[in-house]
Amino acid sequence: MSTRVMQTARCPSDELSLTNCAIISDKDQHFEKHVIVRISAHKYVFTLKPHSSVNINTIAFSQAQRKWAGIIIGQEVEVSNYTFDKSKQCVSSMTVEIDFLQKKHADTKAYDTDKMAAEVLQNFNNQAFSVGQQFVLSFCEKLFILGVKDMEAMDPSILRGGHGSGKKQKIDIGLLVANSQVIFEKAENSSVILAGKSKTRESRQSIISPDWNFEKMGIGGLDKEFSGIFRRAFASRVFPPDIVEQMGCKHVKGILLYGPPGCGKTLMARQIGKMLKAREPKIVNGPEILNKYVGESEANIRKLFADAEDEQKRLGANSGLHIIIFDEIDAICKQRGSMAGSTGVHDTVVNQLLSKIDGVEQLNNILVIGMTNRPDLIDEALLRPGRLEVKMEIGLPDETGRIQILHIHTARMRENKLLASDVDVKELAVETKNYSGAELEGLVRAAQSTAMNRHIKASNTVEVNMETAEKLQVNRIDFMASLNNDIKPAFGTNQEDYASYIMNGIIRWGDPVSAALEDGELLVQQTKNSDRTPLVSVLLEGPPNSGKTALAAKISEDSQFPFIKICSPDKMIGHSEIAKCQAIKKIFEDAYKSQLSCVVVDDIERLLDYVPIGPRFSNMVLQALLVLLKKPPPKGRKLLIIGTTSRKDVLQEMEMLDAFSTTIHIPNISKVEQLMEAFELLGSFNENERAMIAKAVQDKRLGIGIKKLLMLIEMAAQMDPDYRVRKFVSLLQEEGALPQTYQKPI
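Owing to the predicted nature of the structure, the values given are computational and were not obtained by experimental measurement. (Residues numbered from 1 in each chain as written. Predicted model: local features only at pLDDT ≥ 70, side-chain atom pairs only at ≥ 80, totals over all residues. Heavy atoms only, no water.)

Before we go on, may I ask you to explain the sheet that holds strand S2 (residues 22–25) in this structure?
Whether parallel or antiparallel, the strands of a sheet pair through hydrogen bonds between backbone atoms. The mixed closed barrel is built from 6 strands, whose spatial order is S1-S5-S2-S4-S3-S6. In this sheet, adjacent strand axes meet at a mean angle of 45° when their direction is disregarded. For strand S1 (residues 4–10) and strand S5 (residues 58–61), the ladder comprises 4 bridges, and the chain directions are parallel. By the bridge assignment, Arg-10 is partnered in S5 with Phe-61. (Pairing = 2+ DSSP bridges. Helix = DSSP H or I, 4+ residues; strand = E, 2+ residues; numbered from the N terminus. Axes fitted to C-alpha atoms, helices over the stretch in contact; angles between N-to-C directions.)

Put into structure tokens, the structure is as follows:
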């Protein structure tokens, strides 16, 4: 039949509104089951249902239909019959988005999508549906608004009883049939919880921004750490929730980032908000929590979790992720009971935080990130699984990491052509072993200052020389000057530490010295190359003044390890036993932070406060050293320990010798040939003087350390040349290096 003009009206009842049909008069016999309604330039297909309450020439629509098609009540529309091509328009699968019709009636109950799909097929069988169409479903005494998102047609060969080609055709208008598949998907921002198999495997809204970039965020050298954090903390949250639910997997609620200062922990906290698409994380400095009023500190903790608690009550499993970041968490989460004489506020703050993260009322929508460089101070209950269970060390960057960090901090200069072509970032990365990220940034800043200083006029007033300033460039010399003079790594090698011990160089007066250095080199190579012995220790023992400390300093310097530290008694004068133990422990803990480290424990008997009268020594320091000498470094780190002592017999009695891997004996000069070799290397006496000294000490029992020999030579050098030899031999006798039988030469 031809097109008819009809007037639109409101659906006569709520019951008819739920049928998804356009309602016409039961006396109107002109139409078939499906019609096409033309409104302005648009066409919409509806299934008809006759009813006695509707007037002739009137077509009634529900509110959902009117909203979808833009129909106004009383409007005239053109209506004509519509016939489906069942070979092409039968629906194979229809994906619908679902939400509560009224948000105020939302709940946290899980709705079975399999039963819901059966309800849709029963209520709307053989009805017309279009992509974008909205309709209302009554299920479990709740009203839901459904929107058709996508439809696929059945393969015609299946309709003829064949196996089908596997190809599925997308369609805009389709006929829902008894064997159609209905798939439910949560509408955007919907709080409805879906269960069962008739739903899409929606991945939870991705919390990782798709366009984030470490370099743009100013983070370098932390790829491995971010990968670990993502695997433990974010992977389960971006995975489809139904699979997570089937696995019985619980999300990680806390991460502890720890490591040396300046390595990127706080930077990571500042930038993590840019990495996430979700709500802005709450960043809290630990001390800000504390308050002088009773109960206020605990209230501050509760306020941080209030939003997460409220959202979980409203939305349940659909709640978004709430991230709370505690910087310097050790300020508020110290071991309970460790602060004697305090008011106990720290203890109650720890208790409150423990109960909020994983207490009786568990929250599954939070991620707490704590940062500290003192993980040893934090209460153990906070570090158990279920709380801050992921412990990630943010250590010193390796060479690749340093290249990334230097690229980040020189990027602007490179863009604006203010970085000279002779600056090689890879070379700088090699030269900056054990530099933290903050120290590398400081190095770039110091180089910039050095470059700018060249263009400042030296006059009564500080003025910039604008003629040359336009040609400003930061070059390699600026970086090298800053490297040598301005920025030194906190966990690196301080050359001043060992330079004073080898200020006169190493005098190779005989085979014992060469053998000691060769053995030292072998131990250095073992430390570098062997995975089986990450801890190597050697004891240089010998009489006083034989040059043990100088040899230890030389071996450590030649090792080129990025971390070299000398643990010497002269730096612990006046220390109590506890303070001395803490100082020694800190040196070893700093060494563990570097990939390759060398610690020289000098003059061990002095560190132990040993005196022969008594005898007396510090048992506390002895026990601390015994533990540290045997303690292997963390995985992936290697440590060489070089000890020196003049009292091997004492260490033997203290059972300390067994703590060292090997022992190297450093003897005194005991032969005339060795003494002459030392004179020649030092250039102290002329040939005749050396011959006279050799004659004087010939066939005598000689024994003097190289350090003492240097002192005696310098004392004799102050005399008149005619008396130098006599004075030197006299000094040898006085020091006990020669028997008192010397006759003055004629």
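Which parts of the structure should I look at to understand the nonpolar core?
Soluble globular proteins tend to bury their nonpolar side chains together. If you look at the biggest cluster of nonpolar residues, it comprises 55 residues, and the most contacted ones within it are Leu-257, Ile-584, Phe-588, Ile-604, Leu-608 and Met-656. If one sorts the elements of this core by residue count, helix H21 (residues 619–630) sits on top with 7 residues. Residue contributions to this core reach at least three from each of two domains, namely domain 3 (214–393) and domain 5 (495–665). If near-sequence neighbours (up to four positions away) are discounted, Leu-257 is found in contact with Ile-229, Lys-265, Met-268, Ile-369, Gly-370, Met-371, Thr-372, Met-392 and Ile-394. (Core = buried A, V, L, I, M, F, W, Y, C linked by side-chain atoms within 4.5 Å. Buried < 20%, exposed > 50% of the residue type's maximum accessible area, 1.4 Å probe, protein only. Domains from an automatic or database assignment. Contact = heavy atoms within 4.5 Å.)

Looking at this structure, I do not really get the packing of helix H23 (residues 672–682) against helix H25 (residues 706–717). What am I missing?
Two packed helices can be described by the angle between their axes and the distance between those axes. Where H23 contacts H25, the axes come no closer than 12 Å and their chain directions differ by 60°. The pairing of H23 with H25 is recorded here as oblique in orientation. As for the relative orientation of H23 and H25, their crossing is right-handed in sense. Contacts between H23 and H25 pair Leu-675, Ala-678, Phe-679 and Leu-682 from the former with Ile-706, Leu-709, Leu-710 and Ile-713 from the latter. For the contact of H23 with H25, the residue count by class is 8 nonpolar, no polar and no charged. (Parallel < 35°, antiparallel > 145°, perpendicular 65-115°, else oblique. Left-handed = near helix turned anticlockwise from the far one by under 90°. Nonpolar A, V, L, I, M, F, W, Y, C, P; charged D, E, K, R; others polar.)

So what exactly am I meant to see when it comes to unusual backbone geometry here?
What is expected of a backbone is that most residues other than glycine have negative phi and most peptide bonds are trans. Residues other than glycine seldom take positive phi values, yet Cys-140 does so here, at roughly 55°. For Cys-140, the location among the structural elements is in the loop between strand S10 (134–139) and strand S11 (142–153). Backbone geometry at Gln-560 places phi at a positive 60°, although glycine is not the residue there. Relative to the elements of secondary structure, Gln-560 occurs in the loop between helix H18 (548–559) and strand S24 (563–567). According to the relative accessible area criterion, Gln-560 is exposed, its value standing at 54%.

It is worth stressing that arrangement in space is one thing and function is another; only the former is reported here.
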